[in-house]
Each structure stands twice: as C-alpha cells, then as structure tokens.
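Analysis of the macromolecular model
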Amino acid sequence: MKIIHITPHLGGGIGTVVLNWLKRECQENPDVQHTIACLEQNKNSMQEFLDIGMQIYDNMYMNQPALLGWIAESDIVLMHWWNHPTLFDIMVNLKLPPCRLILWNHVSALHPPYIHSNKLIEFSDRFIFTSPVSYEADEIKNLPEHLKEKLGVIWSSCGTEIFEGFVKKDHKGFNVGITGTVDYGKLHPDYVTMCAGVKIPDVHFIVCSGDSQERV
C-alpha cells in the first residue's frame, strides 16, 4: 500500500505528532510505503524521517506536476489540514486525480479563521478530528447527515514516553508551565491579563518558547 502525506510543513507540533505516529506505524506495518510531500520548506530536521525509512520532499508547491503524479499513484492521500494558504490553493485551483482522500484536521476549529465549512468536508472521503471537542463547533453541529457520516476522531499527541521517569521537585509557590509558540499568532491577546487575574497565592507562570517570546 502507498500512502502520500500532503502537508504545508512538518514544523512544531504537527511534525512531532506525525513523526511519532510514523515511527510506530513503520514498525507495525513495514509493507506500507509512506511518502511525505511538504508544500514549502520543511521547518524541522528531515533526518529523523529518513532514519525510519520515509521518503520526504520539500517545496512541492513549486512542483505540482510531480505532486499530482504521486497522488494518482497512491492508494490513500492523507492531507494534514489547518488553515494554510498553500493547502487551500492546491485544493481549490488544482484538479486532483481520482483518489481516496482523508483530511486529518490538526485544529479544534472552534473559532475563525479555523472553521470547517461544508465544502471542506465535502472535499474529502473521510474527515478526521484530533479531539472530540471539534464536534462542539457550530458548523459541525449544523452539518447535513450525509456529511456527518464522514467524520471521525483519532486522538493525536506527541507521545508521553519523554516524560517517563520524571521526578517531581520540591519548590515554593504554585507553578504553571507553558510551552509552545509564544506570539500573538497563537497566543490569546489577553493572555497576560488572564494570568494576572489568577487568584492563587504565590503563583508563577513559567514560559518555555523560542525567540518569539522576546518580542511579546
């Protein structure tokens, strides 16, 4: 079986989720061939994917004839979806060959611009949520029944193995840890105000992020 993954990139959380899933997938189903087509420059090290036998390609947005050929040859097309302009461009402006298309949704879609329209779900053969919370979106509640039949949930995470063996350290106060991208592209604009409103004695908010946190 041949599966092609189409994704804007494999940076940050999505790269970690997909890599950890494929590590197990390759062990359990070695006869399945996975090809990863990144539409833009990949943001994480490609070596980890190469080490587990993945075929991974960059900048496929600029090589659409090859991308269409791989889609036509694949048994399953797995599109890793979030609100990204290159994804929408190929979905709207490219005529995809006949294929079995699964959209793996990587956002909750509870708030714009990350919403699930009827046309988006119609575009796929199956539409997979990473959390059942997406069923609470108004757009999903109001879907016609024939589109609701396409929906499913597969919990996604980066795995918990890295936390095994951790030992809690004694400390003062009440610590709240935050990890991830700390800029207003993802961070709520009232985040600092909300933290200031937490009425817990001696509370500390510990933020672990990249360079962007210096600009917030």
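Figured I'd write up the structure that's included with this text.

The rules behind each value
- Residues numbered from 1 in each chain as written.
- Predicted model: local features only at pLDDT ≥ 70, side-chain atom pairs only at ≥ 80, totals over all residues.
- Heavy atoms only, no water.
- Salt bridge = Lys/Arg side-chain N within 4 Å of Asp/Glu carboxyl O.
- Buried < 20%, exposed > 50% of the residue type's maximum accessible area, 1.4 Å probe, protein only.
- Helix = DSSP H or I, 4+ residues; strand = E, 2+ residues; numbered from the N terminus.
- Pairing = 2+ DSSP bridges.
- Axes fitted to C-alpha atoms, helices over the stretch in contact; angles between N-to-C directions.
- Contact = heavy atoms within 4.5 Å.

Once that is clear, we can look at the pattern of salt bridges. Counted according to the given criterion, the structure contains 2 salt bridges. For the salt bridge of Glu136 with Lys141, the shortest nitrogen-to-oxygen distance reads 3.8 Å. By relative accessible area, Lys141 is classed as partly exposed at 44%. Glu145 is paired through a salt bridge with Lys148; the nearest N and O atoms lie 3.7 Å apart. With Glu145 and Lys148 both in helix α7 (residues 145–148) and 3 residues apart, this pair spans about one turn of that helix. Judged by its relative accessible area of 30%, Lys148 is partly exposed.

Moving on, we come to the sheet that holds strand β1 (residues 2–7). Strands pair in a sheet through their backbones, by hydrogen bonds, and they do so in one of two ways: parallel or antiparallel. Judged by pairing direction, the sheet is parallel, and its 7 strands sit side by side in the order β3-β2-β1-β4-β5-β6-β7 without closing on themselves. The open sheet terminates on both sides in strands that have one partner only, identified here as β3 (55–57) and β7 (151–153). On average, each strand axis in the sheet is tilted by 20° relative to the strand beside it, whichever way the strands run. With 5 bridges joining them, strand β4 (residues 76–81) and strand β5 (residues 101–105) adopt parallel strand pairing. Note on β5: the bridge partner recorded for Leu78 is Ile102. Relative to strand β2 (residues 33–38), helix α1 (residues 12–28) is tilted by about 165°, and along the sheet it contacts β1, β2, β4 and β5. Docked against the sheet, helix α3 (residues 64–73) engages β1, β2, β3 and β4, running at close to 140° with respect to β1.

Worth remembering: the numbers are spatial, not functional.
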